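# Commentary on secondary and tertiary structure
Residues per chain, in single letters:
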Amino acid sequence: MAVNEGRSRGARRPTLEEVAVHAGVGRGTVSRVINGSPRVSDATRAAVEAAVAELGYVPNTAARALAANRTDAIALVVPEPETRFFAEPYFSDMLRGVGAEITDTEMQLLLIFAGNDRERERLAQYLAAHRVDGVLLVSVHADDPLPDLLAELEIPTVISGPRSAAETLASVDSDNYGGARSAVEHLLSRGRRRIAHITGHLDVYGAQRRVDGYRDALGDAGHEADGALIEAGDFTEEGGRRAMARLLESRPDVDAVFAASDVTAAGARQVLREAGRRIPDDVALVGYDDSAIARHMEPPLTSVRQPIEEMGRSMTDLLLTEIAERRPATRRAPRRQMVLATELVERRSS
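Summarised in this report is the structure supplied together with it. (Residues numbered from 1 in each chain as written. Predicted model: local features only at pLDDT ≥ 70, side-chain atom pairs only at ≥ 80, totals over all residues. Heavy atoms only, no water.)

Looking now at the packing of helix α2 (residues 16–23) against helix α4 (residues 42–55). It is at 9 Å that the axes of α2 and α4 come closest, and there the two elements cross at 120 degrees. In terms of their interaxial angle, α2 and α4 are classed as oblique. Crossing of α2 over α4 shows right-handed handedness. Two secondary-structure elements touch here, α2 through Glu-18, Val-19, His-22 and Ala-23 and α4 through Ala-47, Val-48, Ala-51, Val-52, Glu-54 and Leu-55. Classifying every residue of the contact of α2 with α4 gives seven nonpolar, one polar and two charged. (Axes fitted to C-alpha atoms, helices over the stretch in contact; angles between N-to-C directions. Helix = DSSP H or I, 4+ residues; strand = E, 2+ residues; numbered from the N terminus. Parallel < 35°, antiparallel > 145°, perpendicular 65-115°, else oblique. Left-handed = near helix turned anticlockwise from the far one by under 90°. Contact = heavy atoms within 4.5 Å. Nonpolar A, V, L, I, M, F, W, Y, C, P; charged D, E, K, R; others polar.)

Following this line, the structure appears as structure tokens:
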């Protein structure tokens, strides 16, 4: 009791050595208990934990991190302009999942944008100084130099979707191929035959896989994909508007559109309405992500749901495992590649 009263009046903080004396063990044993080591008996662990509680000992996390050559910080790196990050629900959902997963840890989360050459150079210098324990890399393009830089620096890294089928970094993705197939199969089941696809950035592997799913679903149904019905987009609303305008000019007989994102579908919808096309009577419309945009659109948008928040949580869990298991490259286990299931959510737009 006297100890607690002294602490409440601003007495100095008890030391690790004092906890050891109070528990009747060595300083190293106290350190192992505090750091969660399994090499301690249950009785010893209980004695140390009781001493910690009685003395009011608070571990110095900064010193622990320094001794372990750690920063207790991870970075969520977005190689996109800030305007896109705040405009698209995908990124906020991903951030929500990451934040939820680190809530019960001592990790701090840094949000870093690297949407231009200057920002990438500044980030490279920051990472080279090893100021974070690991990196979550979201929205990766095929020509982005950041993944290779992170591999060279041997910083634990998890990316949101592989750059190719031969990805060497750990990644978490959704089933882009299967999601696209389900969208096109749904439109075919509604009697649509002139189905267009507005793609995402085609230097993103996930966008390429959605094109593959679109083509294969048509081919398996006996309808060869018409190149004139595939328009390049960039996952943005403006990209959806431009692509839809081109489609109406080149293929005015289009009767369905599968867009690579809900935001893209919103842009396409605006152009269709301006052209007097009714949704879904004249042109059925399907998006991707199943974001709030899909639910609030009029008519509500049929969309492929990818578990974005769960992807953020899984990426973070995987990164924390990579950090905890950090070991020389020669003894490193193969990088984990996770693919989460998608689901078509049917609404009135199709």
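With that settled, consider the pattern of salt bridges. Inspection of the entire model under this criterion finds 27 salt bridges. A salt bridge links Arg-313 to Glu-101; the nearest nitrogen and oxygen atoms lie 3.1 Å apart. A residue pair is termed long-range when its members are at least 10 positions apart, and Arg-313 in helix α15 (residues 308–324) and Glu-101 in helix α7 (residues 89–102) qualify at 212 residues. In this structure, Arg-163 engages Asp-148 in a salt bridge whose closest nitrogen and oxygen atoms are separated by 3.2 Å. Of the two residues, Arg-163 is situated in the loop between β4 (157–159) and β5 (170–174) and Asp-148 in helix α9 (residues 146–153); the sequence distance between them amounts to 15 residues. Put simply, Arg-194, Asp-226, Arg-251, Asp-253 and Asp-255 are held in one network by salt bridges that share partners. (Salt bridge = Lys/Arg side-chain N within 4 Å of Asp/Glu carboxyl O.)

So, about the packing of aromatic side chains. Per the stated rule, a full pass over the model turns up six aromatic pairs. Aromatic side chains Phe-85 and Phe-86 sit 5.1 Å apart centroid to centroid with 85 degrees between the ring planes, which places their arrangement in the edge-to-face category. On the basis of relative accessibility, which here comes to 5%, the residue Phe-85 falls in the buried class. Accessibility expressed as a relative area gives 61% for Phe-86, which makes it exposed. Site record: aromatic cluster; members linked through ring pairs are Phe-85, Phe-86, Tyr-90, Phe-91 and Phe-113. One residue, Arg-210, lies across the ring of Tyr-288, its end atom 3.6 Å from the ring centre. (Phe/Tyr/Trp six-rings, centres within 6.5 Å; stacked < 30°, edge-to-face > 60°. Buried < 20%, exposed > 50% of the residue type's maximum accessible area, 1.4 Å probe, protein only. Lys NZ or Arg CZ within 6 Å of the ring centre and 35° of its normal.)

Moving on to the nonpolar core. Core analysis: the biggest nonpolar cluster contains 39 residues, and Val-184, Ile-195, Tyr-214, Met-244, Val-257 and Phe-258 have the highest contact counts within it. For this core, the elements supplying multiple residues, two or more each, are α10 (176–189), β6 (195–198), α11 (205–220), α12 (237–250), β8 (256–259), α13 (262–274) and β9 (284–289). Phe-85, Val-138, Val-172 and Leu-318 belong to the second-largest nonpolar core, a separate cluster that totals 23 residues. (Core = buried A, V, L, I, M, F, W, Y, C linked by side-chain atoms within 4.5 Å.)

This part is about α12. Along its 14 residues, α12 runs 20 Å from first to last C-alpha, staying within 8% of the 20 Å computed at 1.5 Å per residue. All of the buried residues in α12 are Gly-239, Gly-240, Ala-243, Met-244, Leu-247 and Leu-248. Looking straight down α12, one finds that the buried residues subtend no more than 160 degrees of arc, so they occupy a single side. Capping the start of α12, Thr-236 holds a side-chain oxygen 3.0 Å from the backbone nitrogen of Gly-239, two or three residues further along. (Expected span 1.5 Å × (residues − 1). Arc of directions from axis to C-beta. Polar contact = N/O pair within 3.5 Å; in protein donor to acceptor, adjacent residues only side chain to side chain.)

Quick look at the sheet that holds β8 now. Spatially, β7-β6-β8-β9-β10-β12 is the arrangement adopted by the six strands of the open sheet, whose pairing is mixed. For this open sheet the edge positions go to β7 (230–231) and β12 (343–345), each flanked by a neighbour on one side alone. Bridge analysis of strand β10 (residues 302–305) against β12 gives three bridges, and the strand direction is antiparallel. Within β12, the position partnered with Ser-303 by the bridge is Val-345. Across the sheet, α10 lies against β6, β8, β9, β10 and β12, angled at about 165 degrees from β9, the strand it touches most. Along the sheet, α13 contacts β6, β8, β9 and β10; its crossing angle with β9, the most-contacted strand, is approximately 155 degrees. (Pairing = 2+ DSSP bridges.)

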